[in-house]
Amino acid sequence: MERSKPYIILSAAITLDGKIATKCGDSKISSNKDKTRLHKLRSTVDGILIGINTVKQDDPLLTIRYVRCNHNPIRIILDSNGDIERNTRILKTSKKFKTIIVVSEKISQQNLHRLYSYPNLDIIISGKKTVDIKQLLQYLLQKYSMKRILVEGGSNINWSFVRENLFDELIITIAPYLVGGKKSISFLSGSGFLTIEDSTKLKLKTVTRLDNEIVINYVRLYHF
Ligand SMILES: NC(=O)c1ccc[n+]([C@@H]2O[C@H](COP(=O)([O-])OP(=O)(O)OC[C@H]3O[C@@H](n4cnc5c(N)ncnc54)[C@H](OP(=O)(O)O)[C@@H]3O)[C@@H](O)[C@H]2O)c1
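About the criteria used
Residues numbered from 1 in each chain as written. Predicted model: local features only at pLDDT ≥ 70, side-chain atom pairs only at ≥ 80, totals over all residues. Heavy atoms only, no water. Salt bridge = Lys/Arg side-chain N within 4 Å of Asp/Glu carboxyl O. Buried < 20%, exposed > 50% of the residue type's maximum accessible area, 1.4 Å probe, protein only. Helix = DSSP H or I, 4+ residues; strand = E, 2+ residues; numbered from the N terminus. Expected span 1.5 Å × (residues − 1). Arc of directions from axis to C-beta. Near = heavy atom within 4 Å. Polar contact = N/O pair within 3.5 Å; in protein donor to acceptor, adjacent residues only side chain to side chain. Areas by Shrake-Rupley, 256 points an atom, 1.4 Å probe, with all protein chains shown as cover. Phe/Tyr/Trp six-rings, centres within 6.5 Å; stacked < 30°, edge-to-face > 60°. Lys NZ or Arg CZ within 6 Å of the ring centre and 35° of its normal. Pairing = 2+ DSSP bridges. Axes fitted to C-alpha atoms, helices over the stretch in contact; angles between N-to-C directions. Contact = heavy atoms within 4.5 Å. Patch = residues over 30% accessible without salt bridge, like charges linked within 9 Å, V, L, I, M, F, W, Y side chains within 5 Å. Lys, Arg positive; Asp, Glu negative; His and termini not counted. Charge placed at Lys NZ, Arg CZ, Asp CG, Glu CD.

1. Here's the deal with the pattern of salt bridges
Two side chains of opposite charge can pair, provided their charged atoms sit close to one another.
Consideration 1: This structure, assessed with the given rule, holds eight salt bridges.
Consideration 2: Here Glu-164 and Arg-163 are joined by a salt bridge, their closest N and O atoms 2.9 Å apart.
Consideration 3: With relative accessibility at 43%, the residue Arg-163 sits in the partly exposed group.

Put into C-alpha cells, the structure is as follows:
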C-alpha cells in the first residue's frame, strides 16, 4: 500500500503527574541517560518537528549530541506567523543544520521576506491560519522523501497530532517528579476528547527501566 505520510513518533519526557513543563516553562525533566536514548532515537529519523512556543521557551538546537552520528535530521518548526526570532539557536545554526520553517497563509510579507533572506532555510506555506499538519506531512513525504519524523512537542503540537490521528507510535519517559499546578503544561493540551471511548487506542510495545525513569513505548491501533 502506498504511504500518504511519514511514520510519526510522538516523543516527550513527562513528570509522574503527566506534565511536560512547569507553569514557568521549566521542562528539564530528562536525565542524561534519557537524553542519550533520545539522541539515539533522533539518529534514526529524517526529521524532528516542534512548535514555535517550544522554540521560544527552550531555545533548542534539535541536533544529535549525546551519540555519534554523521548526519542531522531536518529540523521542522511550525510557526504560522513566521515569528521565529533571529537570535534563536535554530536560526543561528540554520546554515549548518538543514531547517524548515512551516508558516501559514496569514504570515506577513515582512516576515516572509525576512525568512527568505536566510540562504539555507526552507519555507513551506501550509494552512490558512495555522499549519495544516496533514497536508504538510504529505508534502514532506513527497518532496523531501521523509519516511520517519520525530515529534518533540510541545503540548499544542502533540494534541494536534493526536486529535487528527496522525501519529503511529508514542515514546514517553516518565520521570520521578511531581509538579502539580493547573497552569503547568500537560503532555496534551487542546479541547480534549469527551469520552475514553473517543480516545486514541494504543497497544503497549515495550517498557524500559532507565535507573529512576521508565520509558514506555506504545503503537497506535488502527483497527479494533
Ligand atoms: N518535556 C518535554 O518533553 C517537552 C518537549 C517539548 C516542549 N516542552 C514544553 O512545552 C511547552 C510549549 O508547549 P506549547 O503547547 O505552549 O507550544 P508548542 O506546542 O511548542 O507550540 C504551539 C504553537 O505552534 C504553532 N502551531 C502552528 N500550527 C500548529 C498546529 N497545527 N497545531 C498546533 N500548534 C501549531 C502555534 O503557534 P502559531 O499560531 O504562532 O503558529 C501554537 O501556539 C514549553 O514550556 C516547552 O518547554 C516540553
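2. Examining helix α5 (residues 133–144)
Consideration 1: An ideal rise of 1.5 Å per residue puts 16 Å on twelve residues; α5 measures up with 15 Å between its terminal C-alpha atoms.
Consideration 2: Taken together, the buried positions of α5 are occupied by Ile-133, Leu-136, Leu-137, Leu-140 and Leu-141. Taken around the axis of α5, the buried residues stretch over an arc of 135°, which confines them to a single face. Exposed residues lying more than 90 degrees from the buried face of α5 are Lys-134, Gln-142 and Lys-143.
Consideration 3: At the C-terminal side of α5, Ser-145 shows a positive phi close to 55°.

3. Describing the site of the ligand
Consideration 1: In the vicinity of the ligand lie 28 residues, with Thr-54, Asp-58, Ser-80, Asn-156 and Ser-160 positioned nearest.
Consideration 2: Within the backbone of Ile-20, one N or O atom sits 3.0 Å away from a nitrogen atom of the ligand.
Consideration 3: A distance of 2.6 Å separates an oxygen atom of the ligand from a polar atom in the side chain of Ser-80.
Consideration 4: Protein chains shield 86% of the accessible area of the ligand, which is 930 Å² for the free molecule.
Consideration 5: Only β1 (7–15), β2 (19–21), α2 (52–58) and α6 (155–163) provide two or more residues apiece to the shell around the ligand.
Consideration 6: Per-element accounting of the shell around the ligand gives the leading share, five residues, to α2.

4. Side note on the packing of aromatic side chains
Consideration 1: Within this structure, the stated rule accounts for two aromatic pairs.
Consideration 2: Directly above the aromatic system of Phe-167 lies the positively charged group of Arg-220, at a separation of 5.9 Å from the ring centroid.

5. Quick look at the sheet that holds β1
Consideration 1: With respect to topology, nine strands assemble into an open sheet ordered β6-β5-β4-β3-β7-β1-β8-β11-β10, the strand pairing being mixed. With one partner strand each, in any of the chains shown, β6 (121–125) and β10 (202–210) form the two edges of the open sheet. Within this sheet the neighbouring strands show an average axis-to-axis angle of 20°, counted without direction.
Consideration 2: The pairing of β1 with strand β7 (residues 148–151) spans four bridges and is classified as parallel. Bridge assignment links Ile-8 to a residue of β7, and that residue is Ile-149.
Consideration 3: The sheet strands contacting helix α4 (residues 109–116) are β5 (99–103) and β6, and the helix crosses β6 at an angle near 145°.

6. A word on the pairing of β1
The two faces of a sheet get side chains in turn, since along a regular strand they alternate between them.
Consideration 1: Most of β1 is tucked away, with eight of its nine residues classed as buried.
Consideration 2: Where β1 lies against strand β8 (residues 169–175), seven bridges are found, and the strand directions are parallel. Residue pairing across strands places Ile-14 opposite Ile-174, the latter belonging to β8.

7. Here's the deal with a positive patch on the surface
Consideration 1: Together, Lys-28, Lys-35, Arg-65, Arg-89 and Lys-92 give the surface a local cluster of positive charge.
Consideration 2: Within the element layout of this structure, Arg-65 appears in the loop between α2 and β4 (74–78).
Consideration 3: Exposure remark for Arg-65: the relative accessible area of 46% places this residue in the partly exposed category.

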